[in-house]
Amino acid sequence: PLILRKPKDSPTIRELLANSPFRNKHIVSVSQFSRNELHLLFTVAQEMRLGVEREGCLDVLKGRVLCLMFFEPSTRTSSSFDTAMKRLGGQTVLISEAHSSTQKGESLEDTIRTLDQYGDAIVLRHPSDESANIAAKFSDRPIINAGNGSREHPTQAFLDLFTIREELGTVNGLTITFTGDLRYGRTVHSLCELLKHYNVTIQLVSPASLALPDKVRETLKSRSQLGVVSTNLTPEIIAKTDVLYCTRVQKERFEDPQLYERVKNSLVVDNATLKHAKQNMIVMHPLPRNAEIAREVDDDPRAAYFRQMKYGMFVRMALLALVMTPVEEGKRRFSFV
Amino acid sequence: PLILRKPKDSPTIRELLANSPFRNKHIVSVSQFSRNELHLLFTVAQEMRLGVEREGCLDVLKGRVLCLMFFEPSTRTSSSFDTAMKRLGGQTVLISEAHSSTQKGESLEDTIRTLDQYGDAIVLRHPSDESANIAAKFSDRPIINAGNGSREHPTQAFLDLFTIREELGTVNGLTITFTGDLRYGRTVHSLCELLKHYNVTIQLVSPASLALPDKVRETLKSRSQLGVVSTNLTPEIIAKTDVLYCTRVQKERFEDPQLYERVKNSLVVDNATLKHAKQNMIVMHPLPRNAEIAREVDDDPRAAYFRQMKYGMFVRMALLALVMTPVEEGKRRFSFV
Amino acid sequence: PLILRKPKDSPTIRELLANSPFRNKHIVSVSQFSRNELHLLFTVAQEMRLGVEREGCLDVLKGRVLCLMFFEPSTRTSSSFDTAMKRLGGQTVLISEAHSSTQKGESLEDTIRTLDQYGDAIVLRHPSDESANIAAKFSDRPIINAGNGSREHPTQAFLDLFTIREELGTVNGLTITFTGDLRYGRTVHSLCELLKHYNVTIQLVSPASLALPDKVRETLKSRSQLGVVSTNLTPEIIAKTDVLYCTRVQKERFEDPQLYERVKNSLVVDNATLKHAKQNMIVMHPLPRNAEIAREVDDDPRAAYFRQMKYGMFVRMALLALVMTPVEEGKRRFSFV
């Protein structure tokens, strides 16, 4: 109170951003990130959290424009990026599938090279696995992958990890249990990839038909991270769990509707399930959920899935700031500090 | 001109907002508002009008983010809130039906609890009567009801009343005539509810099949507010009218198309109708209109229905400011004034 | 560096805007513009370019709100206006077809008179030829035509001309070759209209069924601007060309699919075509393209069609600033400079 300081954002954020290794870089895959870079991302995300709690919005990206291109709808992700950019003081331009010139037969390359001319970066969600790489190849502006088909959704994986850190203080030493559809869920695969940086035990609970692909499981095994693998969420598994990461089981995946019903019911997490759980564990879910988590769990303080959404906004703020803060900006402002 | 003052917004607005009884409150129903609170809302709305006329935009909600969730389309209402928020210096994030995860079977509660994490308040329009109450129950952020099914549309009622005040100087002592579909029009019902705070005479003109519901009419009678009830808009009724409030008669409401044509034509307001009207009365309509008001009336200075849209923006600015101005903001800024 | 100056925008822009002949004017047709006015528009657009390259965003339209009404989808145009407004420091409110109350049978007039009340200007894209004139007649706020049916698309013509100026330094003395669908393409017609202000030679290459309408061709002839007219893009035509303006040939225009294939292939511009072209010529296209320009051309420095998009943003920034900068603003700020 006796020391004058700029109220809007701490020098820490500016300093962290001034040396960003991600400035003007495409963010296509979680595998681009070293452990140190992840650490930087989370440190900036924590500063974003403090900044938002204190001020609502910062002015880190004032004068910057972000294009949000969503070729398939995703409320959660687009709203999260949209809010993140606005809380950084920047502006967004939304392009949704319905409006797109691709309806006139335009290629993704051409659409990207056009939007390139307007904004300072592009967040891209597209049903094709190749989309993010194609966009990155043709764009002069940084592309941020917000989901390319069944491939990756990097910011989801980052926010999952950030949630664990913020809620439990650390990732190392934890036991993480994945339940549900471990076969098709790109969320789980990306998070498994990121967990290579940490010392964790991973338990897998899913019906045989939705088991984690062999390749991913072998990777976990080779890192000595693989714990119990089961088709049932037993009290023993729950008791050991620090992070219970549930995913949606979709009816479309099953040929036999009766099997779907049986599986669905065997994986439901409710208050009875959590009776066996530690007091300081957390339940996560990328949302939207179907019946995997009973509504009664929402009031349990261990239910972290709605808070997870907020961590997602902070992580996206951090990533946008690290990618979009102009270098001169950093320098110019610093010369006055 | 000799006294230095902050150009952006008058201390009056800050003072009014500093003691807002609506800060962080859900706005679900007009029945939440006492007469004093209505008065406060309108006083702030007048200041907003002055501010916009002078500056275009204020910075009252700088750094705040408003989520606009429209589960059914409504250009008028969503654009009005959108502009209102932006003229307050804030930002908006739009979520429309088409984008919604409810398509993936997500419940309203979950959608609300997610968006909760991003924005500072939520404006909700939803076809279900229960929507606003459900949202209010589950949201940690203030919910502003922008239409819940056939139930209520509070800001429409507020803007109707504000229009009368601004155009005619007062509400007390006036004769207000409602025409058209008085049975299904939630606008009319909400306005009738608000008029309990005023000393007015209410005339009702509608076909029998679209008459005001008995319950509402009995309420008016019990307040001694009920005047002439008629199926025809007679010169006598017009002559006594200070506010002619027309509503849309929809073809879908009629089983007999001939009856619809007869009714529709009997209620049309045109220049001939207005020959019998006072010089300082006004014609209102919530819009969109069909044939209820002839286009020739648009040039009559008594036609207030387009100005009504602008009053709507000022009222929504006032409501957003009263709900969303953070308490510390008020305090902090005042300490410098 | 030794002289203090306002960092955000040069006095030049303010000065240019202070005397804008377009302030609060409707922009419906390119024929409204004298040569001097075009020159002013391009001078401001150049300043916008410098401003964006230096700062990202200006604050010329801070506190202004622009309504974007798109009754037919057009990613390119709506994103361009959206970004332009935001890079001027202003805000936008988007109203797309899907949301429109016209679905409830509302007339264009009523929709316009409503939005009139919210924003400070309206950008309108509408399938009807009469739309822009109707809107201009009923709106108290300036209407900017962003495409009225097959009639006009003024900002497209402006940006085409601005692209030529910026890329080649001048328009006078150039040979401009139009290829493709010269019959239905409003882009070509509007650009021909604007080219009356310049000393140019125009070559026309199209199949007979898609030839430039007689009236437009006669006009070019009467100005002594008409050069070679051909159904084939010959090496001779290419060799003389300074600006090769290609347009999309749409399958729907042909009754005979074989004819379409033949025509389409005869007009393709690829590296082989450009072997005959000057080193300092440019290839333009309003985009989206189909097969008219081979992808291999994209890497040729003469390919100007993506840069054309960026010039479009600068021209739209210039036009918005010339129309929307309030007169007092100009005066008030100048008194401090």
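Predicted model, so just to flag it, every value in this text is computed and none were measured.

Student: Quick rundown of the overall build of chain A? Include the residues and the values.
Tutor: The helix and strand inventory of chain A stands at 13 helices and nine strands. A globule of 337 residues ought to have a C-alpha radius of gyration of about 20 Å, and chain A, at 21 Å, matches this closely. A total of 337 residues make up chain A; the buried ones form 61% of that total. In chain A, of all internal contacts separated by at least 6 residues, the share reaching a separation of at least 24 is 75%. Summed over its atoms, the accessible surface of chain A is roughly 13200 Å², and 50% of this surface lies on carbon and sulfur atoms. Of note, chain A has its 45 positive side-chain charges centred 4 Å away from the centre of its 40 negative side-chain charges.

Student: Can you tell me about the interface of chain B and chain A, naming the residues and giving the values?
Tutor: When the parts come together, some accessible area is lost, and that loss is often what is quoted as the size of the interface. Each partner contributes to the interface: chain B provides 24 residues, whereas chain A provides 28 residues. Overall, the association of chain B and chain A removes approximately 2400 Å² of surface from exposure, summing both partners, and the carbon and sulfur fraction of that is 47%. Inspection of the chain B/chain A interface yields five salt bridges. Asp120(B) is the partner of Arg87(A) in a salt bridge, and the nearest nitrogen-oxygen pair spans 3.1 Å.

Student: Pulling in residues and values, what's your account of the pattern of salt bridges?
Tutor: In this structure the tally under the stated criterion is 61 salt bridges over all chains. In this structure, the salt-bridge partner of Asp110(A) is Arg289(C), at a minimum N-O distance of 2.6 Å. Taken as a pair, Asp110(A) in helix 4 (residues 108-115) and Arg289(C) in the loop between strand 9 (282-284) and helix 12 (305-324) lie in two separate chains rather than in one. Exposure class is identical for Asp110(A) and Arg289(C). Each is buried. Two residues, Glu167(B) and Arg307(B), come together in a salt bridge whose shortest N-O distance is 2.7 Å. Taken together, the positions of Glu167(B) in helix 6 (residues 154-168) and Arg307(B) in helix 12 (residues 305-324) put the pair 140 residues apart, joining distant regions of the chain. By relative accessible area, which is 23% here, Glu167(B) ends up partly exposed. When its relative accessible area of 30% is taken as the criterion, Arg307(B) is described as partly exposed. Three or more residues joined by partner-sharing salt bridges are found here, namely Glu109(A), Asp110(A), Arg113(A), Arg289(C), Arg295(C) and Asp298(C).

Student: Pulling in residues and values, what's your account of the relation of the copies chain B and chain A?
Tutor: Expressed as a screw operation, the relation of chain B to chain A combines 0.0 Å of axial shift with a rotation of 120°, fitting to an RMSD of 0.0 Å. The superposition of one copy onto the other is thereby described by a three-fold rotation axis. Residue by residue, only 4% of the interface of chain B is reproduced at the interface of chain A, so the copies engage with different surfaces.

Student: Provide a residue-level description of the interface of chain C and chain A, including the pertinent values.
Tutor: At the interface, 29 residues of chain C touch 25 residues of chain A. The junction of chain C with chain A conceals about 2500 Å² of combined surface from both sides, 47% of it contributed by carbon and sulfur atoms. Across the pair Arg295(C) and Glu109(A) runs a salt bridge, and its minimum N-O distance is 4.0 Å. Between the two partners, chain C and chain A, sit eight residue pairs in polar contact (both at pLDDT 80 or more).

Student: Tell me about the packing of aromatic side chains, and please be specific about residues and values.
Tutor: Scanning all chains against the criterion turns up 21 aromatic pairs over all chains. Through pairs of rings, three or more aromatic residues link up here, namely Phe22(A), Phe33(A) and Phe158(A).

Student: Residues and numbers for the relation of the copies chain C and chain A, please.
Tutor: Both copies of the chain are related through a single rotation about an axis accompanied by a shift along the same axis. Note on the copies: chain C fits chain A at an RMSD of 0.0 Å, the axial shift is 0.0 Å, and the rotation between them is 120°. Here only 3% of the contact residues of chain C are again contact residues in chain A; the copies associate through non-equivalent surfaces.

Student: How would you sum up the pairing of strand 7 (residues 226-230) of chain B? Please name residues and give values.
Tutor: Residue and element names in this part refer to chain B. Note: strand 6 (residues 201-205) against strand 7, three bridges, orientation parallel. The partner of Ile202 across the bridge, within strand 7, is Leu226. Between the parallel elements strand 6 and strand 7, the chain passes through helix 8 (residues 214-222) in a crossover that is right-handed.

Student: A description of the sheet that holds strand 3 (residues 121-126) of chain C should follow, citing residues and the corresponding values.
Tutor: Paired through their backbone hydrogen bonds, the strands of a sheet run either parallel or antiparallel. All names here are of chain C. Across the sheet, which stays open at both edges, the four strands sit in the order 2-1-3-4 with parallel pairing between neighbours. Here the strands that pair on one side only, and so sit at the sheet edges, are strand 2 (91-96) and strand 4 (143-148). Across the sheet, the mean angle separating the axes of adjacent strands is 15° when strand polarity is ignored. Note: strand 3 against strand 4, four bridges, orientation parallel.

Student: With reference to specific residues and values, describe the confidence of the model for chain A.
Tutor: Residues and elements named next belong to chain A. Mean pLDDT over chain A works out to 90, with 91% of the residues at or above the 70 mark. Taken as a whole, residues 1-7 scores under 50 in pLDDT and shows three contacts with residues more than four places along the chain or in a different chain. Low confidence marks residues 329-337, where pLDDT is under 50. Its contacts with residues over four positions away, or in another chain, come to eight contacts. On the interface metric, ipTM, the complex scores 0.92, and its pTM is 0.93.

What counts as what
- Residues numbered from 1 in each chain as written.
- Chains lettered and ligands numbered in written order.
- Predicted model: local features only at pLDDT ≥ 70, side-chain atom pairs only at ≥ 80, totals over all residues.
- Heavy atoms only, no water.
- Helix = DSSP H or I, 4+ residues; strand = E, 2+ residues; numbered from the N terminus.
- Rg over C-alpha atoms; globule rule 2.2 N^0.38 Å.
- Buried < 20%, exposed > 50% of the residue type's maximum accessible area, 1.4 Å probe, protein only.
- Contact = heavy atoms within 4.5 Å.
- Areas by Shrake-Rupley, 256 points an atom, 1.4 Å probe, with all protein chains shown as cover.
- Lys, Arg positive; Asp, Glu negative; His and termini not counted.
- Charge placed at Lys NZ, Arg CZ, Asp CG, Glu CD.
- Buried area = accessible area lost by both parts, 1.4 Å probe.
- Salt bridge = Lys/Arg side-chain N within 4 Å of Asp/Glu carboxyl O.
- Least-squares fit on C-alpha atoms with pLDDT ≥ 70 in both.
- Polar contact = N/O pair within 3.5 Å; in protein donor to acceptor, adjacent residues only side chain to side chain.
- Phe/Tyr/Trp six-rings, centres within 6.5 Å; stacked < 30°, edge-to-face > 60°.
- Pairing = 2+ DSSP bridges.
- Right-handed = clockwise from strand over helix to strand, strands pointing away.
- Axes fitted to C-alpha atoms, helices over the stretch in contact; angles between N-to-C directions.
- pLDDT = per-residue confidence, 0-100.

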